[in-house]
Amino acid sequence: MKFLPISLLILALATTVAFAYDPSPLQDFCVAINDPKVFVNGKFCKDPKQVTADDFLFKGFRYPGNTSNPLGSKVTPAFVDQFPGLNTLGISMARVDFAPGGLNPPHTHPRGTEILVVVEGTLLVGFVTSNQLNNTLHTKVLYKGDVFVFPIGLIHFQLNIGKTPALAFAALSSQNPGVITIANAVFGSKLPISVDVLTKAFQVDKKVVDYLQAQFWYDNN
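Predicted, not measured: the structure shown is a model, and the values here were computed from it. (Residues numbered from 1 in each chain as written. Predicted model: local features only at pLDDT ≥ 70, side-chain atom pairs only at ≥ 80, totals over all residues. Heavy atoms only, no water.)

## Description of the nonpolar core
Right, so step 1: Core analysis: the biggest nonpolar cluster contains 16 residues, and Phe98, Leu116, Leu123, Val125, Leu142, Phe148 and Phe150 have the highest contact counts within it.
Right, so step 2: Secondary structure elements with two or more residues in this core: strand 4 (92-98), strand 6 (114-120), strand 7 (123-128), strand 9 (147-150) and strand 11 (166-172).
Right, so step 3: With near-sequence residues (within four places) excluded, phenylalanine 98 lies in contact with Thr67, Gly72, Ser73, Leu103, Asn104, Leu123, Gln158, Asn160, Pro165, Ala166 and Ala168.
Right, so step 4: One finds Ala78, Phe83, Leu86 and Phe169 within the second-largest nonpolar core, a separate group that totals 6 residues. (Core = buried A, V, L, I, M, F, W, Y, C linked by side-chain atoms within 4.5 Å. Buried < 20%, exposed > 50% of the residue type's maximum accessible area, 1.4 Å probe, protein only. Helix = DSSP H or I, 4+ residues; strand = E, 2+ residues; numbered from the N terminus. Contact = heavy atoms within 4.5 Å.)

Next up, the structure:
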């Protein structure tokens, strides 16, 4: 039996990794359109002859997000669902507004790395590594002009520790990076996760789990 040369095996593995995220476009652009009758991995393309400059413009960052909510923060995403011109381009953004003390709670982006720049205010930010690296917390205080990166898939957060509102902008390495807010997913899932599962997983009394599952888990996105 013949075996493939090691160079070909390495190439095959590298190719697999390369295609693990958003695929490269095969044309200049592919402005997204929605077709409720068909589901695809991504979005259908608008006829290029009907595309205009407006398809590549997003105006959603012009005004502050409403931070009058339990978290004191508001994320305004510019993902492919809000900004069709991003389709197939492998990039997106978000505006994050914070009231004093406002929190963008622990969450993950399963399909994208995030890089964040502080425009106003002071933020305490951090991410937690995987089990393989002992769930180590990496955290820093960021000031105006500072930039911090959150690796793909890792739990991370941002907290405004200043006495004034704060503003940050994030760029993400996917047109649709996804968001999983940890508290919402664990205690606010539909259907609820079994109390037996959560009491054993968190090593707490059933009353604690019942209390947490009864809360309204606000989504700031």
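Alright, that's what it looks like, and here's the rest.
## Focus on the sheet that holds strand 12 (residues 180-181)
Right, so step 1: Reading across from one edge, 8-7-10-5-12 is the order of the 5 strands in this open sheet, with antiparallel pairing throughout. Either end of the sheet is taken by a strand with one partner, and the two such strands are strand 8 (137-142) and strand 12.
Right, so step 2: Sheet topology places strand 7 next to strand 10 (residues 155-160); 6 bridges connect them, and they run antiparallel. Its bridge partner being in strand 10, glycine 126 is matched across the sheet by phenylalanine 157. (Pairing = 2+ DSSP bridges.)

## Focus on the side chain of asparagine 87
Right, so step 1: With respect to the helices and strands, the residue asparagine 87 is situated in the loop between strand 3 (73-78) and strand 4.
Right, so step 2: There is a polar contact of 3.2 Å between the side chain of asparagine 87 and the backbone oxygen of lysine 43.
Right, so step 3: Contacts of asparagine 87, omitting those with residues within four sequence positions, involve Cys30, Val31, Ala32, Lys43, Phe44, Val80 and Gln175. (Polar contact = N/O pair within 3.5 Å; in protein donor to acceptor, adjacent residues only side chain to side chain.)

## Topic: the sheet that holds strand 3
Right, so step 1: Read across the open sheet, the 5 strands follow the order 3-4-11-6-9; overall the sheet is antiparallel. Because the sheet does not close on itself, it has two edges, and the strands there are strand 3 and strand 9. Here the strands of the sheet are splayed against their neighbours by 20 degrees on average, with no regard to which way each runs.
Right, so step 2: Bridging between strand 6 and strand 11 involves 6 bridges; their strand directions are antiparallel. By the bridge assignment for strand 11, valine 118 is matched with alanine 168. (Axes fitted to C-alpha atoms, helices over the stretch in contact; angles between N-to-C directions.)

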